[in-house]
Amino acid sequence: MDGASTPLHAKPDVEDSALANDFAVELRDVVKLYGEVAAVDHVTMFIRHNEFFSLLGPSGCGKTTSLRMIAGFERPTSGVIAIDNKLMGATPPFRRDVNTVFQSYALFPHMTVEQNVAFGLQMKGINKDETKRRTQEALELVRLPQLAGRYPKQMSGGQQQRVALARALVNRPKVLLLDEPLGALDLKLRKEMQIELKTLQHQVGITFIYVTHDQEEALTMSDRIAIMSRGKALQIGSPLEIYERPNCRFVADFIGETNFLDGKVIEVRGDFATLELPSGQTFVGRVSEGVRAGAHATLSVRPEKMQLLENASSTAANTYQVTVFSIAYVGSDTRVIINLGAQRIDVWEQNSSSTLNPDDYFFKPGENAWLTFKPENALVLAG
Amino acid sequence: MFPGAFWLVVFFALPLLVIFVISFMARDELGSPVPPFSLDNYQQAFDSLYLNLFLFSLWISLLTTVVTLLISFPVALYIARSPKRWRNILIFLVMIPFWTNFLVRTYALQFLMRANGPINTLLQGLGVIQEPISMLSTPVAVLIGLVYGELPFMILPLYASLEKFDWAMFEAAQDLGADMRRAFLRVMLPMTMPGVLAGSILVFVPSVGSYITVELMGGGKINMIGRVIASQFGVASNWPFGSAISLLLMVVVTIAALVYFRVGRGERMAL
C-alpha cells in the first residue's frame, strides 16, 4: 500500500521506488490549518503520470482543499507539494502547469465559447493561427465545434461542462484537476460523462486528479483512489484493492456494503486471524495491519461473499445455522437479511437462474438455513 | 399613468418650459426677463470665456470621476470580500457621512485644508514645512472636494456589482495563466462594468454642474459653470442668460449620459 497516512520515515512500496521521484504530483506530509482545525492533516500521496487518480470521501474530508493546494489557490501550512518534480512553494496558480475544471464550471459569461477556450492560449502568448487551430481541436475533442460562437448562458449544463473541459485541456497541462465536475448533471448524463471522461483521459494521456464524494463514480473511473476522512488519507490503492482489502473500518464501511462482526482476536496464524464473538461463535478472516491476539477487532465480510445453503457441515470454518429474517428481490440479485443470534447480517445472492417459481427460490422468512463464507473472503480489521 | 404624467408635467416639463422661454429674452435693470426675444444669450454663451468654462467644468468632472473610481474600487472590493457579518457594518460606515449635511461636510474639509488648519499645523509642528502650504482656492482643492462628496455614489454601485461577482471566475482566470493584473482587466472589470458605469454617471453628472463645492473649496478664485449659473440668478442678475447656460449644460450632460448608456448597453448584452 503506498503513502497512506504513513509516517514520514516510511518509504513507498517497492513498485513506487522503481519509479522513484518521477511522479506527476507529490504531496509529502501536507498540512492545512484553518485556525485550530486541520482541513488536511499530514497527507502524503504520490500520483503517477497518466493515471486517473481520485480523491474520495464525505464532505469536509479535505479532498477539495487538497486539490486547491495542488492548483495553487491555497498554500499548505506545512509540508511539500511537487508537480512534475518541481517544488511548488509559493508558486501562484498562473505559473503552475496545471489546469482546473471547477464544480461550477466558472465559464466567463462575457466571452463566447471560443473565446473562453482560447483564453489560456492567449495568456501564454500563442499566435493567432495556432490559437485558432488548437481551440478548434479542443472543441472537437468534446464534440462541440458548432457552438463556438455561443455564450455560456445559452447552453445546457452538460454542454457548459464540456466547454470547461475543453478550456482546461487546450493548454495541454501536465495534470488536470477536476473538482466534482459531474455534480450538477442528472443521473443519465452523469453516467455518460463518466465514460467520456475516462475515454478522454486515455486519449489525451495526461494525469487526471478527480475529486468526488460518489464512490461508484470513483470505482468506475479511477486507476487508483485515495479515501479521505477528516483531513487524513486513510487508504490509497486501486479500486480492487480498496474494495477487497480495506485497511480500516471506515474504508470498509464507506465503499460498498459490508457486515461488521465485533469480537476479540483469539488467534493469529499466518495470514489469518480467528475472532470470537461475545456469543462464543468464532470466525476466521484475513488479518490486517495492527491486529493482535487478545485485542478487540472487527470482522468485515461483504454480502456477496457469503452463501446460504440448505445443508452444510457445521465443522467447516465460518459456517453457522441461521434464521432468515427478510428477503428482498431486486431483479439481478436477492438480498437476504438473516439472524445469527442477535446479529443481523446481509447476504446477497445472484439470481443466476430464471425460474419463475418462487418456491424454487431461496429461503422464506422464518426458515432455517446455513450461512457460510470462505476465510479468505473476510477481513479482520483492527478495532 | 395619470398621476405620474401630472407630476412630470408640473414639476419637470413646465419649469423647463419656463426656463426655455426666458432664455430667449432680454433683461431689465433688475435682471428680470423682458421681451424682445432673440438668440443673443446663446451667442454670448458661445463666447470663448464661457466656452472655456464649460470645457474646464467637463475636464474637472472627468478627473473627479476617474479619481473617485480609482479610490472606490479597492474599497468596494475590500468590503465585498469581507466576511458577511462585517459587510453591512462597513457599508453603513460608508453611508454615514452621506446622511450628514453636505454643506457641513464640505466646510469641514475646507477647514482641514486651511492655512491655519490642522494639516498645516501638524506639518509645521513636525518640521516638515516652514511655511503653511496654501491648499485651498486651487483646482486640486475643488477636485478633492468633489471626490470627497461623490465617493458614496461610486462605492455603492461598485459594491453591488462586486458583491455579485463570482470569485471562482477570478480563480479560473488565474488557473488559465492570467496574473492578477490580467485576471482583473480581462475578467473582473468587464464583469463589473455595469457597476462602474452606474457609479460613473452618478458622479459625473452632478460634478459638472457643481456649485457649493466649487464656491467653498475654490474660494472664489476657481470658476465652473455651476457657479456661473448661480451668479446669474444671484449677484450678476441676468436670468435670461442664466437660463441659456443652464439649458446648454443640460444638453451637454444629456449627451454624456447617452454616450455612457450606449457603451453600457454593449457591455450588458454580453453578460
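Residues numbered from 1 in each chain as written. Chains lettered and ligands numbered in written order. Predicted model: local features only at pLDDT ≥ 70, side-chain atom pairs only at ≥ 80, totals over all residues.

A look at the overall build of chain B
Just so we agree on the cut-off: Secondary structure elements follow DSSP: runs of H or I no shorter than four residues count as helices, runs of E no shorter than two count as strands, and numbering proceeds from the N terminus. The exposure scheme places C-beta atoms from the backbone and then counts, for each residue, the other C-beta atoms within 10 Å of its own, assigning buried at 20 or more, exposed at 12 or fewer, and partly exposed in between. It is the C-beta atoms, placed from the backbone, that decide contacts: two residues are in contact if theirs lie within 7 Å.
Each helix and strand counted, chain B has 13 helices and two strands in total. Burial analysis of chain B (271 residues in total) assigns 33% to the buried set. Once local pairs closer than 6 in sequence are excluded, the contacts in chain B between residues at least 24 apart make up 71%.

Observations concerning the overall build of chain A
A count of helices and strands for chain A gives nine helices and 20 strands. Principal axes of the C-alpha set define a box for chain A whose edges measure 80 × 55 × 40 Å. Sorting the 383 residues of chain A into buried and exposed places 40% on the buried side. Put simply, 66% of the contacts in chain A that link residues at least 6 apart link residues at least 24 apart.

Some words on the domain arrangement of chain A
All names here are of chain A. Put simply, the rule reads: Domain ranges listed in this record stem from an automatic or a database domain assignment.
With domains assigned, chain A is organised as domain 1 (14-97 + 173-250) and domain 2 (257-382). Between the C-alpha centres of domain 1 and domain 2 there is a distance of 34 Å. On the domain 2 side, the residues contacting the five residues of domain 1 number six residues.

A few points about helix 4 (residues 128-141) of chain A
All names here are of chain A. Note the threshold: One less than the residue count of a helix, multiplied by 1.5 Å, gives the span that helix is expected to have. The arc in question is formed by the directions pointing from the helix axis toward the C-beta atoms.
Over its 14 residues, helix 4 runs 20 Å from end to end, which matches the ideal 20 Å to within 8%, given 1.5 Å per residue. All buried positions along helix 4 are accounted for by Thr131, Thr135, Ala138 and Leu139. Down the axis of helix 4, the smallest arc covering the buried residues is 95°, so these residues share one side. Among the exposed residues of helix 4, those oriented more than 90 degrees off its buried face are Asp129, Glu130, Arg133 and Glu140. On the buried face of helix 4, the contacting elements are helix 3 (113-124) and helix 5 (157-169).

Some thoughts on the sheet that holds strand 15 (residues 307-309) of chain A
Residue and element names in this part refer to chain A. Here is the rule we go by: For two strands to be treated as a pair, DSSP must find no fewer than two bridges joining them. Structural elements are reduced to axes, namely lines fitted to C-alpha atoms, with helices fitted over the stretch in contact, and the angle between N-to-C directions of any two is expressed from 0 to 180 degrees.
Here five strands make up an open sheet; going across it, the order is 15-19-16-17-18 and the pairing antiparallel. Two strands close off the open sheet at either side, each with one partner strand: strand 15 and strand 18 (343-350). Between one strand axis and the next, the sheet turns by 45° as a mean value, whatever way the strands run. Taken together, the five bridges between strand 16 (residues 319-329) and strand 19 (residues 368-372) define a ladder with antiparallel strand orientation. Bridge pairing in strand 19 links Tyr320 to Leu371.

Considerations on helix 1 (residues 2-22) of chain B
Residues and elements named next belong to chain B. What counts is decided by this rule: Take the seven residues that end at a residue and the seven that start at it, fit an axis to each, and the angle between those axes is the bend at that residue.
An ideal rise of 1.5 Å per residue puts 30 Å on 21 residues; helix 1 measures up with 28 Å between its terminal C-alpha atoms. The largest bend in helix 1 comes to about 40°, at Val9. The buried fraction of helix 1 is low, at one of 21 residues.

A few points about the pairing of strand 18 of chain A
Residue and element names in this part refer to chain A. Where strand 17 (residues 333-340) and strand 18 come together, eight bridges link them in antiparallel fashion. The residue of strand 18 that forms the bridge with Val336 is Val347. Count of turn residues in the strand 17/strand 18 antiparallel hairpin: two residues, of which Gly341 carries a positive phi of about 65°.

A short note on the interface of chain B and chain A
On the chain A side, the residues contacting the 17 residues of chain B number 18 residues. Per element, the largest residue contribution to the side of chain B that touches chain A is six residues, and it comes from helix 8 (residues 167-175) of chain B.

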